[in-house]
Structure formats: structure tokens, C-alpha cells
Amino acid sequence: MSVGRIVIEWWRSSLGRDDGQARAARARLRRCESPAEALAVAETHDLNASLKRREQNPTSDQLALLVTVFARLAGVDGEKLAVLLGRQTMKQGPRTLSELRFQSLIRFRSRRDLMTPLRRSLSVLGANPACNGHALAEDLYFWNDGIRNRWCFQYFGAEYVEINQEETVT
């Protein structure tokens, strides 16, 4: 089972419900400023157990990023996050998330450093943000240069181009 499916199952059972326990967990996780704070919330350990049962070995930074971001989501169905952040309401109009803020966001290589700016970026999607949770979970879990490159293409609504390592410019 993919990381994305595991995270979606966890979100639906732990955070996505509309009851007091899920609301309280979301609130606790939304306030976390560091991985250590996120690790002090029981629902984080529920996700860790689910991932470990399916032979994934997340780091504390991977867990913290996933739980704090998913605590902000009102839904896990929809378009990919970078597409939503780059959407323009009018042709040639401003994007949902400014290009400068997006550029700043994708510069972060470490998940620990990405936690706060990514959560803040979600706020531009309104009070009840929703996106493709499966893709988001996979991207955050495996966050690397290739994923950041793909987010750039998605943000600008451009077709993704594979980089040919053997090609040289003369």
C-alpha cells in the first residue's frame, strides 16, 4: 500500500471526522511549531504505527510535516496542491499564492523547515482547504529536488519536462 493511501486512511479515521475528538486533534496539531510538539500528539503515533505496519519507516520530521499539514485540510479530494496555489482567477491576474511566496516555499529542502511555511501557504486556500491528499502525502513524505521541480511545473500549469542527464548543451 502506498504512503498516500496510508495517510488518507489515517486522516479519515483520525482527523477527517466531524466529532469532538477529531476536532481537538486537528486543533492540537495546527498549533505545533516543531516536530517535537507534533510527536506529543497521540494521532501522530497512530500514523506512525500505520506506516510501520506497512513497512514504511518515517522519520520524526516526515511524521511532523504530514500530521501538521493534514490537520489543516478539510478534504483530501481535489486537485494537486501546487496547481491550487498557482491558480489565477483571471487571465494574467495574480495567483492564489504569490510567485515570491511560492519560490520561497520550494527552496526549503528540509521537512523541518518546510513545516511552518507550507501550513501558512495553505491559508490562502481559505478556511476549509482541500486538495489531492494522496499526491500531497507522497510528495511530502519523499520531498526532494524532483518533487520540488514538479511542483514548479504544476504551479505554472505547464507540462512537466523530464530532464535528460545525458544531454549536453553546446
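Residues numbered from 1 in each chain as written. Predicted model: local features only at pLDDT ≥ 70, side-chain atom pairs only at ≥ 80, totals over all residues. Heavy atoms only, no water.

K.L.:
I'd like to hear about the overall build of the chain, residue by residue, with values.
P.N.:
The secondary structure content of the chain amounts to 10 helices and 0 strands. Traced from its N-terminal end to its C-terminal end, the chain shows the element sequence α-α-α-α-α-α-α-α-α-α. A compact globule built from 170 residues would reach a C-alpha radius of gyration of about 15 Å, and the chain, at 16 Å, matches this within 12%. Taken over the C-alpha atoms alone, the chain extends approximately 55 × 40 × 25 Å along its principal axes. (Helix = DSSP H or I, 4+ residues; strand = E, 2+ residues; numbered from the N terminus. Rg over C-alpha atoms; globule rule 2.2 N^0.38 Å.)

K.L.:
Describe unusual backbone geometry, and please don't skip the residues or the numbers.
P.N.:
Here the phi dihedral of Glu-55 falls at roughly 65 degrees; this positive angle occurs in a residue that is not glycine. When you line up the elements, Glu-55 lands in the loop between α4 (42-53) and α5 (60-70). For Glu-55, a relative accessible area of 71% corresponds to the exposed category. Of note in the backbone geometry, Gln-92 takes a positive phi value of approximately 70 degrees without being a glycine. Note that Gln-92 resides in the loop between α6 (81-86) and α7 (99-107). (Buried < 20%, exposed > 50% of the residue type's maximum accessible area, 1.4 Å probe, protein only.)

K.L.:
Outline the environment of Ala-82, listing residues and values.
P.N.:
Tracing the backbone shows Ala-82 in helix α6. Put simply, Ala-82 and Trp-143 are 61 residues apart on the chain and 13 Å apart in space, counted from C-alpha to C-alpha. Residues contacting Ala-82, with those up to four places away along its chain left out, are Trp-151, Gln-154 and Tyr-155. (Contact = heavy atoms within 4.5 Å.)

K.L.:
Residue-level account of helix α10 (residues 145-155), with values.
P.N.:
Those residues of α10 not exposed but buried are Ile-147, Arg-148, Trp-151, Gln-154 and Tyr-155. Angular distribution of buried residues about the axis of α10 spans 115 degrees; they occupy a single face of the element. Taken together, the buried residues of α10 touch α6, α7, α8 (111-122) and α9 (133-141). Capping the start of α10, Asn-144 holds a side-chain oxygen 3.0 Å from the backbone nitrogen of Gly-146, two or three residues further along. (Arc of directions from axis to C-beta. Polar contact = N/O pair within 3.5 Å; in protein donor to acceptor, adjacent residues only side chain to side chain.)

K.L.:
Describe helix α1 (residues 3-15), naming the residues involved and giving the relevant values.
P.N.:
Taking 1.5 Å of rise per residue, 13 residues should cover 18 Å, and α1 covers 17 Å from first to last C-alpha, within 8% of that figure. The complete set of buried residues in α1 reads Val-3, Gly-4, Ile-6, Val-7, Ile-8, Trp-10, Trp-11, Ser-14 and Leu-15. Looking at the buried residues of α1, the elements they touch are α2 (20-30), α4, α5 and α9. (Expected span 1.5 Å × (residues − 1).)

K.L.:
Which residues make up the nonpolar core, and what values go with them?
P.N.:
By size, the foremost hydrophobic cluster in this structure holds 45 residues, and its most contacted members are Leu-47, Phe-70, Leu-118, Leu-136, Leu-140 and Trp-151. Beyond its immediate sequence surroundings of up to four residues, Leu-47 is in contact with Ile-6, Val-7, Trp-10, Leu-63, Leu-66 and Val-67. (Core = buried A, V, L, I, M, F, W, Y, C linked by side-chain atoms within 4.5 Å.)

K.L.:
I'd like to hear about the packing of α4 against α5, residue by residue, with values.
P.N.:
When two helices pack together, their arrangement is captured by the angle between the axes and the distance separating the axes. Packing of α4 against α5 leaves a shortest axis separation of 10 Å and a crossing angle of 120 degrees. Considering their axes alone, α4 and α5 lie oblique with respect to each other. For α4 against α5, the interelement crossing comes out right-handed. Taken together, the residues of α5 that come into contact with α4 (itself represented by Thr-44, Leu-47, Asn-48 and Leu-51) are Leu-63, Leu-66 and Val-67. For the contact of α4 with α5, the residue count by class is 5 nonpolar, 2 polar and no charged. (Axes fitted to C-alpha atoms, helices over the stretch in contact; angles between N-to-C directions. Parallel < 35°, antiparallel > 145°, perpendicular 65-115°, else oblique. Left-handed = near helix turned anticlockwise from the far one by under 90°. Nonpolar A, V, L, I, M, F, W, Y, C, P; charged D, E, K, R; others polar.)

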